[in-house]
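Single-letter residue listing:
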Amino acid sequence: MRIFVARKIPFWEEVSKPLVDAGHEVVVYPNHKQIERKEIEIEIEKGYDGLLTLLTEKVDEELLVHDKKGQLKVIANYAVGFDNIDLEACKKRSIAVTNTPCNEVNESVAGLAWPLMLALSRRLPEASEFMRNAAYRGWDPDIFVGRDMKGKTLGIVGMGRIGGMVARRAVGFEMKVVYFNRTAVAGATEGYIPKMEELLAQSDFVSLHVPLTSETRHMINGKNLSLFKRTAILVNTARGSIVDEAEVGEALRAGVIAGYGADVFENEPDPHPELLMMENVLLTPHIASATEGARKRMGELAVLNLVEGLAGRTPPNLVNSE
Ligand code: DGY
């Protein structure tokens, strides 16, 4: 069968072997950049059974109509999130959609939420800028006085696998953990707050770990930002649009919250311009899953899902099972 890979992913030679072993014909987009919409449309018209997409590819009805012969059977998204894919449109065409959830990605994302919180609490972006500007004139007890972590409350919005890992790391900092989730997590009823607003009001740090859906879009907005402690730091390693970025910028400017750390943006690759001007903001270019272990496992899973799905078996990470 024929497979199109929208971008050469890390460890490709190694992880793609099962596709070759299964006898598939694999076409990899040759350029080291995001494939243009027009280019992927043209590719799909050529007829493929499987597609490996990244979160940069929007897979919607308008794209799928280019699969003129209805040949596509499996779309393996190289990410845990799959908000770039219209599941309804895929379901209508009986296309299986898969993602790449794994411990390696969970570790990696939880591993970035923490440095964002730590760096903002200790004002590292400002301190680093200060050093680069050769502004340090000698030890000064008044400069860059940050916040303590011990005894502070970490509020986790979305207690799934990643949220859980972020929570476990809080033990070492002797922090109190509270969480908001649709329901309490089995075995972790302690710290469960059924109303997000209450969690936001209590927390010194808030870390977001929900998928982007119509329910979670702008879940953090001007209205509930006003409930945060003025000393609170908000961190987003999930999806940009879970927050209303303009309103976060406004809250930072007005001193309604103390800091924002984000790896994801509403309109990637461009963060809201206001965020770029603030010294209490730390932004990274969507690198939460960018560790060798995570990247490799994501590739292995995307390939495994294609192999299984194209063999007519249920892929292990099917997200549209109905
Ligand atoms: C994911 O897996 O959804 C991440 O955002 C990719 O880095």
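For every chain, the first residue of its written sequence is number 1, and the numbers climb from 1 along that sequence. At least 70 in pLDDT is required for a residue's local features to be given in this predicted model, at least 80 for side-chain atom pairs to be given and counted, and no such filter applies to totals for whole chains, interfaces and linings, which use all residues. Remark: hydrogens and water are excluded; side-chain values derive from all non-hydrogen atoms of the structure.

**Q** Hey, could you run me through the nonpolar core in this one?
**A** Considering soluble globular proteins, one finds that nonpolar side chains tend to be buried as a cluster. Only buried residues count toward a nonpolar core, which is a set of Ala, Val, Leu, Ile, Met, Phe, Trp, Tyr and Cys residues joined through side-chain atoms within 4.5 Å. Each residue is placed in one exposure class: buried if its accessible area under a 1.4 Å probe, protein chains only, is under 20% of its type's maximum, exposed if it is over 50%, and partly exposed if it falls in between. One finds Leu-52, Ile-75, Leu-154 and Val-166 to be the most contacted residues of the largest nonpolar core, which totals 62 residues. Either an automatic procedure or a domain database provided the assignment from which the domain bounds are taken. No fewer than three residues from each of domain 1 (2-101 + 292-310) and domain 2 (124-279) sit in this core. Of all hydrophobic cores here, the second largest spans 31 residues; its members include Val-210, Leu-212, Leu-252 and Val-256.

**Q** How should I be thinking about the sheet that holds strand 1 (residues 2-5) in this particular structure?
**A** Between any two strands, at least two bridges found by DSSP are needed for them to pair. Secondary structure elements are defined from DSSP: runs of H or I of at least 4 residues count as helices, runs of E of at least 2 residues count as strands, and each element is numbered from the N terminus. Reading across the sheet, the 5 strands line up as 2-1-3-4-5 and stay open at both edges, with parallel pairing between neighbours. With partners counted over all chains shown, the strands left at the sheet margins are strand 2 (25-28) and strand 5 (96-98), one partner each. Sheet twist, expressed as the mean angle between neighbouring strand axes with direction ignored, is 15°. Note that strand 1 and strand 2 share 4 bridges and pair parallel. Within strand 2, the position partnered with Phe-4 by the bridge is Val-27. With respect to the sheet, helix 13 (residues 292-310) is in contact with strand 1, strand 3 (50-53), strand 4 (74-77) and strand 5, its orientation differing from that of strand 4 by roughly 170°. With axes taken as lines fitted to C-alpha atoms, and helix axes fitted only over the stretch in contact, angles between N-to-C directions fall between 0 and 180 degrees. Should any heavy atoms of two residues lie within 4.5 Å, those residues are considered in contact.

**Q** Help me understand the packing of aromatic side chains in this model?
**A** Geometry of an aromatic ring pair is reported as the spacing of the ring centres plus the angle between the planes. Put simply, two rings from Phe, Tyr or Trp (the six-membered ring, in Trp's case) pair if the centres are within 6.5 Å, and we call them stacked under 30 degrees between planes, edge-to-face over 60, tilted for the rest. Applying the stated criterion across every chain yields a total of 4 aromatic pairs. Here the aromatic rings of Phe-4 and Tyr-48 are separated by 5.4 Å at their centres, their planes lie at 45°, and the arrangement is tilted. One end of the pair, Phe-4, is in strand 1; the other, Tyr-48, is in the loop between helix 3 (37-45) and strand 3, with 44 residues separating them in the sequence. On the basis of relative accessibility, which here comes to 1%, the residue Phe-4 falls in the buried class. Taking the relative accessible area as the measure of exposure, Tyr-48 reaches 3% and is therefore buried. Summarising the aromatic geometry, the rings of Tyr-179 and Tyr-192 are spaced 5.3 Å apart at their centres and angled 40° between planes, so their arrangement reads as tilted. Residue Tyr-179 is located in strand 7 (residues 176-180), and its partner Tyr-192 is located in the loop between strand 7 and helix 9 (196-202); the two are separated by 13 residues in the primary sequence. Given the relative accessible area of 1%, Tyr-179 is considered buried. Geometrically, a lysine NZ or arginine CZ counts as sitting over a ring once it is within 6 Å of the ring centre and also within 35 degrees of the ring normal. Over the ring of Tyr-48 we find Arg-2, and its NZ or CZ is 4.3 Å from the ring centre. For the cation-ring pair, Lys-296 lies above Phe-11, with the distance from its terminal atom to the ring centre recorded as 5.9 Å.

**Q** Just checking my understanding: could you explain the domain arrangement of the protein chain for this structure?
**A** When the parts come together, some accessible area is lost, and that loss is often what is quoted as the size of the interface. Each assigned domain of the protein chain is listed here: domain 1 (2-101 + 292-310) and domain 2 (124-279). The distance between the C-alpha centroids of domain 1 and domain 2 comes to 33 Å.

**Q** How should helix 3 be read in this particular structure?
**A** It helps to recall that an α-helix has 3.6 residues per turn; residues three or four apart then point in one direction. Looking at helix 3, one finds that the buried residues are Ile-40, Glu-41, Glu-43 and Ile-44. Along the axis of helix 3, the buried residues cluster in a sector spanning 160°; they form a single face. Packed against the buried residues of helix 3 are strand 1, strand 3 and helix 4 (61-64). Note on helix 3: the residue one or two positions beyond its end, Gly-47, has a positive phi of about 95°. When we speak of the arc, we mean the arc of directions from the helix axis to the C-beta atoms.

**Q** Explain the site of the ligand here, please?
**A** The nearness test applies per residue and asks whether one of its heavy atoms lies within 4 Å of the molecule or strand. What surrounds the ligand is the set Leu-55, Ala-79, Val-80, Gly-81, Arg-239, His-286 and Ser-289. The contact in question runs from an oxygen atom of the ligand to an N or O atom on the side chain of His-286, over 2.8 Å. Here, Shrake-Rupley sampling with a 1.4 Å probe gives the accessible areas, and only protein chains in the shown set may cover a residue. Compared with its free state, where it exposes 230 Å², the ligand has 92% of that area covered by protein. Two N or O atoms count as a polar contact when they lie within 3.5 Å, although within protein this holds only if one can serve as hydrogen donor and the other as acceptor, and sequence-adjacent residues are included solely when both atoms are side-chain atoms.

**Q** Can you walk me through the sheet that holds strand 10 (residues 259-262) in this structure?
**A** Paired through backbone hydrogen bonds, the strands of a sheet run either parallel or antiparallel to each other. Read from one edge to the other, the open sheet built from 6 strands follows the order 7-6-8-9-10-11, with strand pairing classed as parallel. At either end of the open sheet lies a strand with only one pairing partner, and these are strand 7 and strand 11 (281-283). On average, each strand axis in the sheet is tilted by 15° relative to the strand beside it, whichever way the strands run. Bridge count for strand 6 (residues 153-157) against strand 7 is 5 bridges, and the pairing is parallel. Paired with Leu-154 across the two strands is Val-177, which belongs to strand 7. Sheet contacts for helix 8 (residues 161-169): strand 6, strand 7 and strand 8 (205-208); angle to strand 6, the most-contacted strand, approximately 170°.

**Q** When you look at a nonpolar patch on the surface in this model, what are you seeing that I'm missing?
**A** A contiguous nonpolar patch, built from Met-131, Tyr-136, Trp-139 and Ile-143 and spanning about 470 Å² of accessible area, is present on the exposed surface. Within the fold, Met-131 resides in helix 7 (residues 124-132). The partly exposed category is assigned to Met-131, whose relative accessible area is 49%. Only residues whose relative accessible area exceeds 30% and that form no salt bridge enter a patch; like-charged residues are grouped when within 9 Å of one another, and nonpolar side chains (Val, Leu, Ile, Met, Phe, Trp, Tyr) when within 5 Å. By salt bridge we mean one thing: a side-chain nitrogen of Lys or Arg within 4 Å of a carboxyl oxygen of Asp or Glu.

**Q** So what exactly am I meant to see when it comes to the packing of helix 6 (residues 103-121) against helix 8 here?
**A** Direction vectors running N to C along helix 6 and helix 8 enclose 50°, while the axes themselves pass 8 Å from each other. Relative to helix 8, helix 6 is oriented oblique. Note on packing geometry: the crossing formed by helix 6 with helix 8 is right-handed. When helix 6 is examined against helix 8, the residues Asn-103, Asn-106, Glu-107, Val-109, Ala-110, Ala-113, Trp-114 and Met-117 are found in contact with a partner set consisting of Arg-161, Ile-162, Met-165, Val-166 and Arg-169. Polarity classes work like this: nonpolar for Ala, Val, Leu, Ile, Met, Phe, Trp, Tyr, Cys and Pro, charged for Asp, Glu, Lys and Arg, and polar for all others, with Gly in that last group. Here the residues of the contact of helix 6 with helix 8 sort into 8 nonpolar, 2 polar and 3 charged. Small angles under 35 degrees read as roughly parallel and large ones over 145 as roughly antiparallel, with 65 to 115 read as roughly perpendicular and the rest as oblique. Take the far helix as the reference: if the near one is turned anticlockwise from it by less than a right angle, the crossing is left-handed, and if turned clockwise, right-handed.

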